[in-house]
Amino acid sequence: MSNRPTKLSGHSGHAIAALIEGQDDGMPVVLAHGGGQTKRAWKRVTAMLTANGFRTIALDLRGHGDSAWAADGAYDIVDFAGDLIAIAGALDRKPALIGASLGGLAGIVAEGEVAPGSFASLTLVDITPQMEAGGVARIVGFMAANAQQGFASPEEAARVISEYLPHRPSRKASAGLAHYLRQKPDGRYYWHWDPAFIDGIMRRHAERGDSGDHGRIELSEAAVRLALPVHLIRGGSSDLVSPEAVTHFRELVPHAEFSDIAGATHMVVGDQNDAFGEAILDFLMRTHRPVSG
């Protein structure tokens, strides 16, 4: 039984922090979080999966959490995709991939464009090639707002998060929040990710005028080539993935399964954690036969 933090090698040896849990011979499941998050976003989901015989590998994507920052600013979707491909290729068998938002985009590009056949299945959490511009702008605006100046205290960060997620009960600064913040020598607290990540998104958005790092056309072309089992999970109140975007995706990937989590927003992993976890588990249990030791 594994329950250990470790460092894995992403594209060109980029150091990726990971937490591996579950039976060593269990079906591997790689979990890739959304922009600005860390591997902690999957805490309850991994507990549910490991209890059912899966081996989970929750990642800190490059530039996030305890993973290395990209000195050359390599934070395009293809860079994240390269890390997922390298990590999957080093495992004892093809893993199932669960990707939320940024992690899901990287999964589409990895499997549908760069290295088809890298994964055994793909679960996309509230992300499709066709993203709502308003939702993208809100997310990017939130991430960029305090990236450079930071916060005077964890309590200030907690207040900003509550304003961004008004549908959730207000929370005070917690021990969990500390994992998303770093205190620098100036005494202020900063998000636990490389500011160059969001700078790159804003720059590419300004240059290309699209609403995603890789572009809708490229993502749609990659999605059409997805031949593995696919599961799209949408937050029923998502401002990033509209019902029309779901219809578009299901036209691109006719064999994809779809789950709508009522009452959840784009932060579906945290909004309706049990319902989300159950949807993931049901798909994986039917698609793969976990091995328990």
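Everything below is about the structure printed above this text.
Values in this document were obtained by computation on a predicted structure and should not be read as measured data. Every residue gets a number counted from 1 within its own chain, in the order that chain's sequence is written. Only residues with pLDDT of at least 70 get local features here, since the model is predicted, and only at 80 or more are side-chain atom pairs given and counted; chain-wide, interface and lining totals rely on the full set of residues. Heavy atoms from the whole structure form the basis of all side-chain values; hydrogens and water molecules are not counted.

## Overview of the packing of helix α2 (residues 77–89) against helix α3 (residues 102–114)
Axes here mean lines fitted to C-alpha atoms, for a helix over just the part in contact, with angles spanning 0 to 180 degrees between N-to-C directions. A run of H or I in DSSP counts as a helix once it spans at least four residues, and a run of E counts as a strand once it spans at least two, with each numbered from the N terminus. It is at 8 Å that the axes of α2 and α3 come closest, and there the two elements cross at 75°. On the basis of their axis angle, the class for α2 and α3 is roughly perpendicular. Contact residues: Ile 77, Val 78, Phe 80, Ala 81, Leu 84 and Ile 85 in α2; Leu 102, Gly 103, Leu 105, Ala 106, Gly 107, Val 109, Ala 110 and Val 114 in α3. Residue type decides the class: Asp, Glu, Lys and Arg count as charged, Ala, Val, Leu, Ile, Met, Phe, Trp, Tyr, Cys and Pro as nonpolar, and the leftover types, Gly among them, as polar. Looking at side-chain class alone, the contact of α2 with α3 contains twelve nonpolar, two polar and no charged residues. An angle counts as roughly parallel when it lies under 35 degrees, as roughly antiparallel when it exceeds 145, as roughly perpendicular when it falls between 65 and 115, and as oblique in every other case. The contact criterion used is simple: two residues touch if any of their non-hydrogen atoms lie within 4.5 Å.

## A few points about the environment of Ala 88
Inspection of the secondary structure puts Ala 88 in helix α2. The class of Ala 88 is buried, set by a relative accessible area of 5%. Placed 59 residues apart in sequence, Ala 88 and Val 29 show a C-alpha to C-alpha distance of 9.5 Å. Aside from chain neighbours lying at most four places away, what touches Ala 88 is Arg 93, Pro 95, Ser 118 and Phe 119. Partly exposed residues are those whose accessible area sits between 20% and 50% of the maximum for their type, while under 20% is buried and over 50% is exposed, using a 1.4 Å probe and protein chains only.

## Considering the side chain of Ser 121
Here Ser 121 shows up in strand β6 (residues 121–125). Here Ser 121 falls in the buried class, since its relative accessible area comes to 0%. The term polar contact refers here to a pair of N or O atoms within 3.5 Å; inside protein, the definition further demands a hydrogen-donor-capable atom paired with an acceptor-capable atom, and it admits residues adjacent in sequence only when both atoms are side-chain atoms. Of the polar contacts made by the side chain of Ser 121, one reaches the side chain of His 288; its length is 2.8 Å. Not counting the four nearest positions on each side in its chain, Ser 121 is found in contact with Pro 95, Ala 96, Leu 97, Leu 228, Pro 229, Phe 283, Leu 284, Thr 287 and His 288.

## Concerning the pattern of salt bridges
Criterion for a salt bridge: a side-chain nitrogen of Lys or Arg within 4 Å of a carboxyl oxygen of Asp or Glu. Considering all chains together, one arrives at eight salt bridges under this definition. Between Arg 93 and Asp 92 there is a salt bridge, and its shortest N-O distance comes to 3.8 Å. Across the pair Glu 257 and Arg 286 runs a salt bridge, and its minimum N-O distance is 2.7 Å. Highlighted residues: Glu 257 in strand β10 (residues 257–261) and Arg 286 in helix α11 (residues 273–287), separated in sequence by 29 residues. Assessed through its relative accessible area of 48%, Arg 286 is described here as partly exposed. The structure contains a network of salt bridges with shared partners spanning Lys 39, Asp 60 and Asp 66.

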